[in-house]
Amino acid sequence: MNRLFKNLVMAVLLASPGLVQAQAVVKITPLGSHDGEFCRMDRAMLFEDPDGTRILYDAGRTVAGPDDPRLGKIDIVLVSHVHGDHIGNRHNKAPNAGSCAAPDASVDATPLSNSVKIAVAKQAKIVTGSEMPKFFAARMKAAGGDPKDSQLVRFGAMKTIGGVGITTVPAVHSNGLSHEFIGGDLGASLEAAGITAYVGPPTGYVLRFSNGLVVYLSGDTGITAEQDLVVRGHYKAKLVVMNIGDTFTTGPAEAAYVINEMIKPVAVIPSHANEVATENGKVIEGTRTDTFIKASWVPSYVPLSGITMSFDGRGKCVAGC
Ligand SMILES: [Zn+2]
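Structure report, in brief.

Cut-off values and rules
- Numbers given for residues are sequential positions, taken from 1 along each chain in its written order.
- Two thresholds apply to this predicted model, a pLDDT of at least 70 for residue-level local features and 80 or more for giving and counting side-chain atom pairs, whereas whole-chain, interface and lining totals are computed over all residues.
- The basis for the side-chain values is all heavy atoms of the structure; hydrogens and waters are excluded.
- Sulfur atoms of two cysteines make up a disulfide when they are within 2.5 Å.
- Runs of E in the DSSP output that reach at least two residues are strands. Runs of H or I that reach at least four are helices, and both are numbered from the N terminus.
- In this scheme, a residue with accessible area under 20% of its type's maximum is buried, one over 50% is exposed, and one in between is partly exposed, where area comes from a 1.4 Å probe on protein chains only.
- Metal donors: N, O and S atoms at distances within 2.8 Å, or within 3.2 Å for Na, K and Ca, with water omitted from the atom set so that some sites may seem incomplete.
- Sites are called tetrahedral only when four donors show all angles between 85 and 135 degrees, square planar or octahedral only when four or six donors show opposite pairs over 155 degrees and all other angles between 65 and 115, and irregular in any remaining case.
- Following DSSP output, two strands are said to pair if at least two bridges run between them.
- Between N-to-C directions, angles span 0 to 180 degrees; the directions come from axes that are lines fitted to C-alpha atoms, helices contributing only their stretch in contact.
- Residues count as neighbours in contact if any of their non-hydrogen atoms are within 4.5 Å of one another.
- One side-chain nitrogen of Lys or Arg within 4 Å of one carboxyl oxygen of Asp or Glu is enough to make a salt bridge.
- Pairing of aromatic side chains here covers Phe, Tyr and the six-membered ring of Trp, requires ring centres within 6.5 Å, and sorts the geometry by plane angle: under 30 degrees stacked, over 60 edge-to-face, intermediate tilted.

**Comments concerning the state of the cysteines**
Here is the idea: a disulfide is a covalent bond, and it sits between the sulfur atoms of two cysteines. All chains considered together, the criterion is met by two disulfides. Paired by a disulfide, cysteine 39 and cysteine 100 hold their sulfur atoms 2.1 Å apart. Note on the cysteine 39 and cysteine 100 pair: the S-S dihedral is about -110°, so by sign convention the disulfide is left-handed. Taken together, the positions of cysteine 39 in the loop between β1 (26–30) and β2 (45–48) and cysteine 100 in the loop between β5 (90–91) and β6 (107–108) put the pair 61 residues apart, joining distant regions of the chain. Residues cysteine 39 and cysteine 100 agree in their burial class; the two are buried. With its sulfur 1.6 Å from that of its partner, cysteine 317 forms a disulfide with cysteine 321. Disulfide cysteine 317 to cysteine 321: torsion about the S-S bond roughly 80°, handedness right-handed. Residue classification places cysteine 317 among the buried positions, given a relative accessible area of 13%. What links to what in the protein: the bonded cysteines, counted in sequence order, pair as 1-2, 3-4.

In structure tokens, the structure reads:
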């Protein structure tokens, strides 16, 4: 009887692979500056495909270099653009150093960057778009890594690594490389002239995981037509990690418009709020994060550092939310 039941269950599962796929989850763990909170410098997130492929997105300043114990195995490092708070020009000494309002970022990571140091130490690939791959190849070589581990995925292409399809999508922002990554006479001249070096336009990413989940990582961006035409229309993103910081990117009202009227996902994770958004893990009233959550028509899941959220193939949070 028991065996008959098992066979029956197997037969049902084999007949509906979509069901099995949808039950597998993508695990998302924010790697912010302070455990259990959403703090001012928080950008970094870790994504784990059901097949075990692990992706670090915008390491920034809150991942304490390659030795941060929260990292574990890393297969892919994503960098939306080369601004210091994303590539990581500096970083913390250890998780929880400093305060949520003024996180420690005392370790200088130039001219390599936190992202490159982590990728080389983990033997991970850095996957970027626009003109950034050559820059990262040179930095990886300088760090003793393999320049071939810097891989290109330009707008419209899709690269599959492990079980994850990766592409870049346009972001309307800027992407000047600061003199601190260049050094020498050229770096000094650029700094004196008040200009940055060209590494192509900034990007967002779309990730397609092996359980069918499609995630849009906005990077730093304003409102852009591609969020409707490309991210929703073509890729059909079901989960969005949306930067809401204002001044540099969409603020809460603009970000909510992108979610409600343009991408229309199943769920959203606000990010890059540039504020102390939580206290004891609860959103503080009147913050940008609070304003965004109230304005958004779909469930928002606040990225509390170190707390893993699990999403099924349809974009529904099934654990840790
Ligand atoms: Zn930024």
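Further notes follow.
**So, the coordination of the zinc ion**
Only Asp85 (OD), His86 (NE2), Asp220 (OD) and His272 (NE2) from the protein reach the zinc ion as donors, at distances of 2.0 to 2.5 Å. Given four donor atoms and angles of 90 to 162° at the metal, the environment of the zinc ion is assigned as irregular. The motif formed by the donor residues of the zinc ion, counted along the single chain, is D-H-x133-D-x51-H. For aspartate 85, a relative accessible area of 15% puts it in the buried group.

**What to know about the sheet that holds strand β3 (residues 54–57)**
Taken in spatial order, the eight strands line up as β8-β7-β4-β3-β2-β1-β19-β20 in an open sheet, and their pairing is mixed. Of all the strands in the sheet, the pair left with one neighbour each is β8 (150–152) and β20 (317–319). The sheet shows a mean angle of 30° between the axes of neighbouring strands, direction not considered. Across three bridges, strand β7 (residues 125–128) lies against β8 in parallel orientation. Each residue of the ladder has a partner; that of isoleucine 126, found in β8, is serine 150. Against the sheet, helix α4 (residues 114–122) touches β3, β4 (76–78) and β7, its axis set at about 135° to β7. Strands in contact with helix α5 (residues 132–142) are β7 and β8; relative to β8, the strand with the most contacts, it is inclined by about 170°.

**Here we look at the pattern of salt bridges**
In total, this model carries seven salt bridges according to the counting rule given. In this structure, the salt-bridge partner of arginine 43 is aspartate 85, at a minimum N-O distance of 3.0 Å. Of the two residues, arginine 43 is situated in the loop between β1 and β2 and aspartate 85 in helix α3 (residues 84–88); the sequence distance between them amounts to 42 residues. Comparing arginine 43 with aspartate 85, the two get one shared label, buried. Among the ionic pairs, lysine 125 bridges to aspartate 149, the shortest N-O distance being 3.7 Å. Highlighted residues: lysine 125 in strand β7 and aspartate 149 in the loop between α5 and β8, separated in sequence by 24 residues. Judged by its relative accessible area of 27%, lysine 125 is partly exposed.

**Some words on the packing of aromatic side chains**
Enumeration according to the criterion identifies three aromatic pairs in this entry. Here the aromatic rings of phenylalanine 47 and phenylalanine 209 are separated by 6.1 Å at their centres, their planes lie at 20°, and the arrangement is stacked. With phenylalanine 47 in strand β2 and phenylalanine 209 in the loop between β13 (203–208) and β14 (214–217), this residue pair connects regions lying 162 residues apart in the sequence. Just as phenylalanine 47 is buried, phenylalanine 209 falls in that class too. Where tyrosine 301 meets phenylalanine 311, the ring centres are 5.8 Å apart and the plane angle is 70°; that geometry is what we call edge-to-face. Taken together, the positions of tyrosine 301 in the loop between α9 (288–295) and β19 (309–311) and phenylalanine 311 in strand β19 put the pair ten residues apart, joining distant regions of the chain. No difference in accessibility class separates tyrosine 301 from phenylalanine 311, as the two residues are buried.

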